[in-house]
Amino acid sequence: MKEQKKGMTIVKKMMIALIGGLVVGLGCLFLREALNSSGNESVWNMINMIFFQDITADDGTKALGLFYIIGQLFMHGLQMAIVPLVLVSLSLAMCSISNSTRLGQIAVKTILGFLCFYVCGAFLGCVVAQGIKNLGFFNVTLPSGLAEASTIDAYNPLEVIVNAIPTNIVSACSTNNSVISVVVVAIILGLCLNKLGSKGDALKKVLESLNEVIQMFLNFWINKVGPFGIFCLIARTFAVYGVEYILPVAAYVVTAMVTLLAICAVLYPLGIWLTTRLNPFKFLKKIAKVGVFGFSTNSSAACLPLNTRTCIDELGCSEEITSFVLPTGMTINMNGTTIMHMFAVTFIATAAGINVTPANMVVMAFLSICAAMGTPAIPVAGTTMIYTVLSGMGWTSELCLIGYALVMAINRPVEMALLPLNVIGDAAVNVIVNAKQGELDEKKYNS
């Protein structure tokens, strides 16, 4: 009861911050228009300098910029956690893969199953997001003075491969713009710890403790500071830039949610049928309650007990394989997060005036899969990792951060819609691995 109250409190705070920011921002927007039309621009300029002015701009040296300062502090706190979050979470994920006496074929098939669903999900997410973008639903009319700030230099996407392995680990971990290098370092570290076995226990315990510290910080920052930061970011956005963001954000939320739920109902049952020839409708009917639970709790970790019992008692999976596949999936399988990232990053970049090409989307998908594999199984973590993909793409202009703030504020429904993909994906891979190992009780599955 206590956890439920805490969860409701988080949602309530975010919604109050969003609605409050919209009300204040739109109120200031109408006030600005009224003052400017009546010839009282100086009054609005004073309000703007006190609350909304960018104090780092050339004309902001004498401004107070309260909303700007609070919003930037919140964003900087999230950005500060990106590198350690990726490094520690992904390293521990690689360590957890070998925490089973029957690694061998089971581990290979498990990882291969997750990766195949990752690729399929990312491809479908890219296709739909690109289509929505081409239809113009993500377009935003930006102020001409800021549109120039959103341009980026041309580059060959294959540079990502060359720069993936850093020449200096310290320098790679010292900036959010080298996240792909951090991902590679984390994978190497995790795999080496696996190989060392008990010799690496000391470092593994350090990483686990550091992970606890990072999670505690993020929980505090998002739950306690987040509502104030989101309120200030949203209020400032609408007060300064107007209402041109409302329709694109609504288009992002609706299209992302519909796509996520549609893929969940089609991709995993189809994958089971293609690989095992089992009745996909039996799977979907029995696993539906796990998806609903994930939608409600917004946490893969919270779904693990129910998912385990459903797989063993209703889908006929063996307890030994299930005890390996589901915890591993809870750690590294965030397919719904990757699909959400395709929509969110495409929306943010398009809103910032960046033309997202198919080649960009390939790089985005790769970055998102790597980032999603290290995303903790806690609420809001996937939304936080959007910045990881933006940083990897080099899309960190002020306009991109404004779009990111909007997504952060309104992404709760999308986060809820992506969780069923993650937990149902865990169960789907579990069924496939059990069937391929000859340990699936088909009589129980078909009952």
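Fair warning: this is a prediction, and the values are worked out from it, not measured in the lab.

## What about the confidence of the model for the chain?
Caution is warranted with low-pLDDT regions, since their predicted coordinates should not be read in detail.
So, point 1. Mean pLDDT over the chain stands at 78; residues scoring 70 or higher make up 83%.
So, point 2. Between the elements of the chain, mean pLDDT differs from a low of 40, seen in helix 5 (residues 144-147), to a high of 89, seen in helix 20 (residues 442-445).
So, point 3. Here residues 1-8 is a poorly scored stretch, pLDDT under 50, and it has zero contacts once near neighbours within four places are set aside; other chains count.
So, point 4. Here residues 142-157 is modelled with pLDDT under 50, and outside its nearest four sequence neighbours on either side it reaches 23 contacts, counting other chains as well.

## Considering the packing of aromatic side chains
What characterises a pair of aromatic rings is the spacing of the ring centres plus the angle enclosed by the ring planes.
So, point 1. Within the structure shown, the criterion is met by eight aromatic pairs.
So, point 2. Look at Phe51 and Phe52: their rings are 6.1 Å apart centre to centre, the planes differ by 45 degrees, and that puts the pair in the tilted class.
So, point 3. Given a relative accessible area of 30%, Phe51 falls into the partly exposed group.
So, point 4. Assessed through its relative accessible area of 2%, Phe52 is described here as buried.
So, point 5. Measuring from ring centre to ring centre gives 5.7 Å for Phe67 and Phe231, while their planes differ by 55 degrees; the resulting arrangement is tilted. Placement of the pair is Phe67 in helix 3 (residues 66-97) and Phe231 in helix 9 (residues 201-241), with a sequence separation of 164 residues.
So, point 6. Using a relative accessible area of 14% as the deciding quantity, one classes Phe67 as buried.
So, point 7. Phe231 sits in the partly exposed class, given a relative accessible area of 23%.
So, point 8. Joined through ring pairs, the aromatic side chains of Trp44, Phe51, Phe52, Phe67 and Phe231 make up one cluster.
So, point 9. The ring of Trp273 is capped by Arg277, whose NZ or CZ atom sits 4.2 Å from the centre of that ring.

## A short note on a nonpolar patch on the surface
So, point 1. Together, Met46, Ile50, Phe51, Leu64 and Leu66 line one region of the surface with nonpolar side chains, adding up to about 410 Å² of accessible area.
So, point 2. With respect to the helices and strands, the residue Leu64 is situated in the loop between helix 2 (41-52) and helix 3.

## Quick notes on the nonpolar core
So, point 1. The biggest cluster of nonpolar side chains holds 113 residues, and the ones touching the most others in it are Tyr252, Phe283, Met364, Ile386, Trp395, Tyr404 and Val431.
So, point 2. Counting residues per element, this core draws most heavily on helix 19 (residues 412-436), at 13 residues.
So, point 3. Those residues in contact with Tyr404 that lie beyond four places of it in its chain are Met75, Leu78, Ile348, Thr383, Thr384, Ile386, Tyr387 and Leu390.
So, point 4. Counting residues in each nonpolar core, the second largest holds eight residues, with Leu35, Trp44, Cys232 and Ala235 among its members.

About the criteria used
- Each chain carries its own residue numbering, running from 1 in the direction its sequence is written.
- Note on the predicted model: pLDDT of at least 70 is required for a residue's local features to be given, and 80 or more for side-chain atom pairs to be given and counted; whole-chain, interface and lining totals, by contrast, use all residues.
- As a rule here, side-chain values cover all heavy atoms of the structure and leave hydrogens and water aside.
- The pLDDT value expresses, per residue, how confident the predictor is, ranging between 0 and 100.
- Secondary structure is summarised from DSSP: a helix means a run of H or I of at least four residues, a strand means a run of E of at least two, and numbering begins at the N terminus for each.
- Whether two residues are in contact is decided by their heavy atoms, any of which lying within 4.5 Å being enough.
- Only centres within 6.5 Å qualify two rings of Phe, Tyr or Trp (six-membered ring in Trp) as a pair; their planes then separate them into stacked at under 30 degrees, edge-to-face at over 60, and tilted for everything else.
- To sort residues, take the accessible area from a 1.4 Å probe on protein chains only and compare it with the maximum for the residue type: under 20% means buried, over 50% means exposed, and anything in between is partly exposed.
- Only when the NZ of Lys or the CZ of Arg is both within 6 Å of the ring centre and within 35 degrees of the ring normal is a charge said to sit over the ring.
- Exposure above 30% relative accessible area and the lack of any salt bridge qualify a residue for a patch; like charges then connect within 9 Å, and the nonpolar side chains Val, Leu, Ile, Met, Phe, Trp and Tyr within 5 Å.
- Note on areas: Shrake-Rupley with a 1.4 Å probe; residue coverage comes only from the protein chains shown.
- By definition here, a salt bridge exists when the distance from a side-chain nitrogen of Lys or Arg to a carboxyl oxygen of Asp or Glu is within 4 Å.
- Put simply, a nonpolar core is a bunch of buried Ala, Val, Leu, Ile, Met, Phe, Trp, Tyr and Cys residues held in one set by side-chain atoms that sit within 4.5 Å of each other.

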